[in-house]
Amino acid sequence: MKKLASAVSRKHVHYAVVGAGVVAGLLEVLGAALNRNPDARINLLIYTPIEVLVGWTFLFVGLAAGRRRPDNPIGLLMSIFGLTWFTYALQWIHSPVPFYVGDAFRNVYLAVLAHLYIVYPRGRPAGRFERRAVWGVYFWFGFTVLTQLPTNDPVSNGCGQCLRNPFYIPGTSWLNHTMGNVGAYGTLVVAVFVLAVFAWHWSRASAPVRRAMTPAAWAALPVFGTLVAQTLAGVGVVPSQIQAVTVPFEWLTFAILPVGLLIGVLRTRLGRAAVGDLVVELSRLPVTGTLRDSLARTVGDPTLELALALPDGSYVDSRGAGLSLPPPGSGRSVTAIEADGRPLAALIHDPALNEDDPGLVAAAGSAARLALENERLQAEVRASLEEVRASRARILEAADAERQRLERDIHDGAQQRLVALGVALKLARNHAAMRGDDGLVVELEAAAGQLKDALSELRDLAQGIHPAVLSRAGIGPALRVLAELSPIPVDIKHGPLDRYPERVEAAVYFVVSEALTNAAKHSGARRVEVSVWRDREFLCVDVRDDGSGGADVNRGSGLVGMTDRVSVLGGRVETSSPPGEGTSIRARIPCE
Amino acid sequence: MRVTVADDSALFRAGLIRLLEEAGITVAAEASDGVELLNLIAADKPDVVIVDIRMPPTLTDEGLTAAREIHRRWPDVGVLVLSTYVDTAFATELITRTQRSVGYLLKDRVQDTDELVDALGRLHKGGSVVDPEVVARLIGRRRTQSPIEQLSEREREILGLMAQGRSNQAISARLYLSERTVESHVGTIFAKLGLEPTADDHRRVMAVLLYLGRP
């Protein structure tokens, strides 16, 4: 309520300021018209209209900005600038008090301008430093007024026609010139200081704030340039001709200023028009993934993130990966978009968007509701797919671990015992031979022979369950073992191979193993070529034979299993088997 | 000849030790893992060590690590690595990375006491031993455009025996050929394969295995 009350009363102050400024402008025109001084003619024709227009522009641009954002005092400040702009015109009233007051306060609009740029575009000083900076600027101008007004005595300086200064303290005219120079340097320092504060703000500002600041910055540069040139010329640092050259442009530079500020203020207004563009854009955009970009462009915040709500209340990004909303006070704002009372999505963005144009983000989100719903459904599907993939990967990993355990059990258990049994049979045979029991020797030797066969079968079985060489030495040696066991000649081509995650090595091994088995069974090939290479983050393997081709990949359960194994790892298997041209099986497996 | 045995299966160790002792070989000590083995060798150096390739703690290739370490610290001790599987890559690596006195046999080969004793004797004399099954796999591997395909039956047989680590003399005794004939065959084989002839037995095994073990 208090905020509302202050906004209402500020509105009235604002109207009063604008009204006073309009009157002041009219008075200036009137003053110039009534002036009989020949110099005043040129003023009336050229400078006065420009000056009045500049002042009025500020008044009304400020009014427009104030109406658009009642809680932001920047509009009022702009109008106050417009009013103080006319202080100089008090001199047209040919009477001592207004003349000297107008003369002393002629530069106060610069203080308002400094204030404006320190707090632009928020309208209020952020923090103690800025509040003090604003006060400092006004104190400085107050100080120059207090040192100028009572020391200025043109009459004692030999200007007989001049009006007598009613505020003059006798004997202080010597101070006037010195204080004039001090004031000029001070103005320069203030200008540089404000520029620095503005630049510092800009460097730290988020993209939407920068959008408002950039035109204001460009518009201020000519003002700053002429101000510096004139101040330096005034104190004699640079030739005074500079002053003569720049004076006509001074009004022009100030005429640019409100344009820049207005564009800055309107840029958030343009955001609303961008919502319209968004609606049009989305209507011809069936592609997903660009929705976030479109929204980011519309609200002018490249850091915008899109969080899509799942039915269970969690959030995911467009790819279906889990996402958590930033907590309050984390420096990011969250705007929730709902459909039929259920959360549809959340836009995570720069908090400045809210200050800048409340409702813009929500408007953009609402405009995109249909596209968001679509994106949400897709993300939901992707999230489920991701879950399925992860569970398949877990199953495969568990199965592989189980195979490895089984192989180890066979090796450490049955195989070791059978080998020991073989040794025991050998010892028994030796003893039988020593005792001369030839019949027993023959039987024991036969038993040893059977045991050897059993061991050999068990060895093949264990190797088939999990190739020990793969975990021990990696793909290269494991592929050579496959080649040794292949009835068809196999040429292996690979560069130096690193070790890769176990599941990647296993996938390559089983692809080659399956492909070689297939080639041996069906193709009638005379040779097979196996190539393994690394292509960026993929490990690639290619097995091609010179057989009859025409293999149906979907028929052999081995090939299907191999394709499953690769796709679980996010890889792809491509098979080409045109009749009469051999079979090529190629797999790409992510290995990082 | 004194032998130290390392295997994590106590049952197998006990049987092997009895076999060795019955064959007249002294067993100096027995260990159940690689670390214990090295300590035992340091305490009482044998002529040859018999070590299982897979032992605790990792159950992958402790045998290889142990063999390298033994060769580094006691160059005159022969090492015979026993393996449950026919791992040609491992065998090739073991033989070609060690300078001398190293062997690789399948575990069930120990039942052939004569073979085992013969292998231990060769290792004791600085020679090398490669399991016939490994050599058979290496030579038997089908290839295209390989000079091995151009070798005669007899030449392949001799190449296999060379790869097992046998000397010309041993080859001639086994094939009932004169040593001269074997020498001439060996010369032909080396020429066909494009290998540098060498008199040293171990160097010869290394060259042949490297050749056969190529992808």
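Each chain has its residues counted from 1, running along the sequence as written. A letter from A marks each chain and a number from 1 marks each ligand, given out in the order of writing. With pLDDT at 70 or above as the cut-off, local features in this predicted model cover only qualifying residues; side-chain atom pairs require 80 or more to be listed or tallied, and sums for whole chains, interfaces and linings still use all residues. Hydrogens and water molecules were not included; the side-chain quantities draw on all heavy atoms of the structure.

A.B. asks: Just to check I follow, could you spell out empty space enclosed by the protein for this structure?
C.D. replies: Only protein atoms enter the 1 Å grid used here, on which a cavity is any set of points holding a 1.4 Å probe that cannot leave and a pocket is any open set flanked by protein within 12 Å on both sides along at least five of seven lines; residues with an atom within 4 Å of a point are listed as lining. Grid points are joined across faces, edges and corners, and a volume is the space filled by probe spheres set on the points. This model, assessed by the stated rule, comprises five cavities of 30 Å³ or more. Taken as a whole, the largest cavity spans an internal volume of roughly 220 Å³. Around the largest cavity, the lining is made up of 20 residues, and of these Ala468, Val469 and Arg472 of chain A together with Arg54 and Tyr85 of chain B lie nearest the centre. Strands here mean DSSP runs of E at least two residues long; helices mean DSSP runs of H or I at least four residues long; both are numbered from the N terminus. Elements supplying a minimum of two residues to the lining of the largest cavity: helix H13 (369-434) and helix H15 (468-473) of chain A.

A.B. asks: Looking at this structure, I do not really get the sheet that holds strand S6 (residues 129-130) of chain B. What am I missing?
C.D. replies: The strands making up a sheet associate through backbone hydrogen bonding, with each pair oriented either parallel or antiparallel. All names here are of chain B. The strand order across the open sheet formed by six strands is S2-S1-S3-S4-S5-S6, and the pairing between neighbours is parallel. Both outer strands of the open sheet, strand S2 (26-31) and S6, are each paired with one neighbouring strand and no more. Whether two residues touch is decided by their heavy atoms; if any such pair falls within 4.5 Å, the residues are in contact. Only the stretch in contact is used when a helix axis is fitted, and all axes are lines through C-alpha atoms; the angle between N-to-C directions ranges over 0 to 180 degrees. Along the sheet, helix H3 (residues 62-73) makes contact with strand S3 (48-52), strand S4 (78-83) and strand S5 (102-106), crossing S4 at roughly 180°. By this definition, two strands are paired if DSSP reports at least two bridges between them.

A.B. asks: Sorry, what's going on with helix H5 (residues 113-124) of chain B here?
C.D. replies: Every α-helix carries 3.6 residues per turn, so stepping three or four residues along brings you back to the same face. Residues and elements named next belong to chain B. The span you would expect from a helix comes to 1.5 Å times its residue count less one. Given a rise of 1.5 Å per residue, 12 residues ought to cover 16 Å, and the 16 Å separating the end C-alpha atoms of H5 matches this to within 8%. Taken residue by residue, H5 has Thr113, Leu116, Ala119, Leu120, Gly121, Arg122 and Leu123 as its buried positions. Gly126 lies just past H5 and shows a positive phi near 95°. Relative accessibility under 20% of the residue-type maximum defines a buried residue, over 50% an exposed one, and the middle range a partly exposed one, all with a 1.4 Å probe and only protein chains included.

A.B. asks: Quick question: what am I supposed to make of the packing of H3 of chain B against helix H4 (residues 88-96) of chain B here?
C.D. replies: Helix packing for two helices is described by the angle between their axes and how far apart those axes are. All names here are of chain B. Where H3 meets H4, the axes come as close as 11 Å, and the angle between the chain directions of the two elements is 5°. Classified by the interaxial angle, the pair formed by H3 and H4 is roughly parallel. Touching Leu64, Ala67 and Arg68 of H3 are Phe90, Glu93 and Leu94, all from H4. Amino acid classes used here: Ala, Val, Leu, Ile, Met, Phe, Trp, Tyr, Cys and Pro are nonpolar; Asp, Glu, Lys and Arg are charged; the rest, including Gly, are polar. Split into classes, the residues belonging to the contact of H3 with H4 amount to four nonpolar, no polar and two charged. For classification purposes, angles smaller than 35 degrees are called roughly parallel, those larger than 145 roughly antiparallel, those between 65 and 115 roughly perpendicular, and all remaining angles oblique.

A.B. asks: I keep staring at the confidence of the model for chain A and nothing clicks. Help me out?
C.D. replies: In low-pLDDT segments, the atomic positions of the prediction should not be examined closely. Confidence of the predictor at the level of single residues is captured by pLDDT, which takes values from 0 to 100. Confidence in the prediction for chain A averages 81 pLDDT; 90% of positions are at 70 or higher. Model confidence for chain A, summarised as mean pLDDT per element, is weakest for helix H11 (residues 352-356) of chain A at 70 and strongest for strand S8 (residues 538-545) of chain A at 92.

A.B. asks: Quick question: what am I supposed to make of the environment of Arg211 of chain A here?
C.D. replies: Residues and elements named next belong to chain A. Inspection of the secondary structure puts Arg211 in helix H8 (residues 207-234). Once the C-alpha coordinates of Arg211 and Arg267 are considered, the two residues, 56 residues apart in sequence, prove to be 7.0 Å apart. Once you skip the residues sitting within four places of it in the chain, Arg211 turns out to touch Arg267 and Gly300.

A.B. asks: Could you clarify how one ought to interpret unusual backbone geometry in this entry?
C.D. replies: In most cases, non-glycine residues show a negative phi, while peptide bonds are predominantly trans. With a phi close to 50°, Arg536 of chain A is a non-glycine residue in the positive phi region. Mapped onto the elements, Arg536 of chain A comes out in the loop between strand S7 (528-535) and S8. Of note in the backbone geometry, Tyr176 of chain B takes a positive phi value of approximately 55° without being a glycine. Along the chain, Tyr176 of chain B falls in the loop between helix H8 (168-175) and helix H9 (179-193). A relative accessible area of 76% means that Tyr176 of chain B is categorised as exposed.

A.B. asks: Help me out: how do you make sense of the packing of H4 of chain B against helix H6 (residues 132-140) of chain B in this one?
C.D. replies: All names here are of chain B. Two numbers describe how H4 lies on H6: the axes approach to 10 Å, and their chain directions differ by 105°. Judged on the interaxial angle alone, H6 and H4 are roughly perpendicular. Facing Thr88, Ala91 and Thr92 of H4, the residues of H6 in contact are Val134, Arg137 and Leu138. Broken down by class, the residue content of the contact of H4 with H6 amounts to three nonpolar, two polar and one charged.

A.B. asks: Is there a simple way to think about the interface of chain A and chain B in this case?
C.D. replies: Often the size quoted for an interface is simply the accessible area lost on bringing the parts together. The partner chain B presents 39 residues to the 38 residues of chain A that form the contact. Taking both partners together, chain A and chain B bury about 3,500 Å²; carbon and sulfur atoms supply 54% of that area. Note on terms: buried area is the combined drop in 1.4 Å-probe accessible area of two parts once they are placed together, counting the loss on both. Looking at the side of chain A facing chain B, the largest losses of area belong to Arg459, Arg472 and Glu484 of chain A, adding up to 20% of the total buried there. By convention in these notes, a salt bridge is any Lys or Arg side-chain nitrogen within 4 Å of a carboxyl oxygen on Asp or Glu. Applying the counting rule to chain A against chain B returns three salt bridges. We define a polar contact as two N or O atoms separated by no more than 3.5 Å, with the added condition that, inside protein, one atom must be a possible hydrogen donor and the other a possible acceptor, whereas residues neighbouring each other in sequence contribute only through side-chain atom pairs. The interface formed by chain A and chain B includes 10 residue pairs in polar contact (both at pLDDT 80 or more).

A.B. asks: What should I look at first to understand the sheet that holds strand S10 (residues 584-590) of chain A in this one?
C.D. replies: All names here are of chain A. Read from one edge of the open sheet, five strands run S6-S7-S8-S10-S9, paired in mixed fashion. Two strands bound the open sheet, and with one partner strand each, they are strand S6 (490-494) and strand S9 (572-576). For this sheet, the mean angle separating the axes of adjacent strands, direction not counted, is 10°. Across seven bridges, S8 lies against S10 in antiparallel orientation. Residue pairing across strands places Cys540 opposite Arg588, the latter belonging to S10. Running over the sheet, helix H16 (residues 475-485) touches S6, S7 and S8 and is turned about 170° from S6. Running over the sheet, helix H17 (residues 502-523) touches S6, S7, S8 and S10 and is turned about 10° from S8.

A.B. asks: What should I look at first to understand H13 of chain A in this one?
C.D. replies: If you check H13 of chain A, its first and last C-alpha atoms are 95 Å apart, about what 66 residues at 1.5 Å a residue would give, namely 98 Å. Remark: Gly436 of chain A follows H13 of chain A within two positions and exhibits a positive phi of approximately 80°.

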